[in-house]
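# Breakdown of the fold
Each chain is listed here by its residues.
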Amino acid sequence: MIPLVESVAPAPDWRLAVVLVLLVALAVGVSVLARTGVAREQLVAAVRAVVQLAAVSLVIAAALASVWWSLLVVLVMYAVAVATATRRVDVPARQAGWVGLAVAAGALPVLVLSLGSGVIPFSGAGIVPVAGIVVGGTMTAATLTGRRTSDELVQQHGRYEAALALGLPQHEAAFLVVQPSAREALVPGIDQTRTVGLVTLPGAFIGVLLGGGTPLEAASAQVLVLIGLMAGQAVTNAVMLRLMTRARIVRRDLAGAFPR
């Protein structure tokens, strides 16, 4: 008889509820004591996570059985990612299309290579989790690039003006200012890839193990996800940077001073 694989996934029972409440209380309590000003955001985020994942789990259960429904779920993920990045960077809604271009530019090549090659099966069970990870990663890259680039344009405005005075075109003057900090948005992804297995065992690895896969299968899935994320975030970072230096994406507080 083949032994059954023991599931180590947490059961959705009262014990999980108690642990979640205690963890939220720990996060909120520490934030209140440290006066970081994010306690309310943490509480709202935790409640939203529970409600959203409960609803999404029902939707995904149906979507996994159909490729078309899975693709629809991915489109919804993408729309939410673009809206979130647009809000976090604090740019007008009319510029959301440019933010969406940057997110898609990073996510699409990774998904096409992973799913089109057959490395990840083109099925609901393959499309939804991989697309969620990749789109989420490019959303983060767009947000970090947008915020960091905007901050540099504010803090180094004198340098930007000086570059214009020397005769540089507007987009080259802006790139000269923001280029030194462009790598900051990519550092978390690079560090995660470099230290995987030594410091962290990220979600894809644990997910495959929880699903009954072998450690080698888990490692294969994780290395694909991490290197795919690194590639996707690099593309999103580069596209976002160019769009911002060419003033296609401009944070609200910069509207009067950039471009010139």
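Residues numbered from 1 in each chain as written. Predicted model: local features only at pLDDT ≥ 70, side-chain atom pairs only at ≥ 80, totals over all residues. Heavy atoms only, no water.

### Brief notes about the overall build of the protein
Counting its regular elements, the protein contains 10 helices and 0 strands. Taken from N to C terminus, the helices and strands of the protein fall in the order α-α-α-α-α-α-α-α-α-α. Put simply, 67% of the contacts in the protein that link residues at least 6 apart link residues at least 24 apart. When the accessible surface of the protein is summed, it comes to about 15,400 Å², and 70% of that surface belongs to carbon and sulfur atoms. (Helix = DSSP H or I, 4+ residues; strand = E, 2+ residues; numbered from the N terminus. Contact = heavy atoms within 4.5 Å. Areas by Shrake-Rupley, 256 points an atom, 1.4 Å probe, with all protein chains shown as cover.)

### Regarding unusual backbone geometry
Of note, the phi angle at Arg-35 is positive, near 55°, even though the residue is not glycine. By the element assignment, Arg-35 lies in the loop between helix H1 (14–34) and helix H2 (39–63). Assessed through its relative accessible area of 78%, Arg-35 is described here as exposed. Despite not being glycine, Ala-247 shows a phi value in the positive range, around 65°. Tracing the sequence through the fold places Ala-247 in the segment after helix H10 (215–245). (Buried < 20%, exposed > 50% of the residue type's maximum accessible area, 1.4 Å probe, protein only.)

### What to know about the packing of aromatic side chains
The tally for this structure, following the rule as stated, stands at 0 aromatic pairs. Sitting over the ring of Trp-98, Arg-248 keeps its end group 5.9 Å from the ring centre. (Phe/Tyr/Trp six-rings, centres within 6.5 Å; stacked < 30°, edge-to-face > 60°. Lys NZ or Arg CZ within 6 Å of the ring centre and 35° of its normal.)

### Observations regarding the pattern of salt bridges
Within this structure, the stated rule accounts for 4 salt bridges. Across the salt bridge formed by Arg-148 and Glu-152, the nearest N and O atoms sit 3.2 Å from each other. With Arg-148 and Glu-152 both in helix H5 (residues 124–155), this residue pair falls 4 residues apart, about one helical turn. On the basis of relative accessible area, Glu-152 is assigned to the buried category, the value being 9%. Asp-253 is the partner of Arg-251 in a salt bridge, and the nearest nitrogen-oxygen pair spans 2.9 Å. For Arg-251, a relative accessible area of 12% translates into the label buried. (Salt bridge = Lys/Arg side-chain N within 4 Å of Asp/Glu carboxyl O.)

### Details of the environment of Arg-251
Position of Arg-251 among the secondary structure elements: in the segment after H10. C-alpha separation for the pair Arg-251 and Ser-150, spaced 101 residues apart in sequence, amounts to 6.5 Å. Excluding residues that lie within four positions of it along the chain, Arg-251 makes contacts with Val-89, Asp-90, Val-91, Arg-147, Ser-150, Asp-151 and Val-154.

### Overview of the environment of Ala-65
Looking at where Ala-65 falls in the secondary structure, it is placed in the loop between H2 and helix H3 (67–89). Judged by relative accessible area, which is 73%, Ala-65 ranks as exposed. For the pair Ala-65 and Ser-123, spaced 58 residues apart in the sequence, the C-alpha separation amounts to 8.0 Å.

### Examining the nonpolar core
Ranked by internal contacts, the top residues of the largest apolar core, which has 13 residues, are Leu-153, Tyr-160 and Phe-258. Mapped onto this core, the elements with two or more residues apiece are helix H6 (157–165) and helix H7 (170–178). In terms of residues, this core owes the most to one element, H7, which gives 4 residues. Excluding residues that lie within four positions of it along the chain, Leu-153 makes contacts with Ala-174, Val-177, Val-178, Leu-254 and Phe-258. (Core = buried A, V, L, I, M, F, W, Y, C linked by side-chain atoms within 4.5 Å.)

Scope: geometric values only; no functional claims are made or implied.
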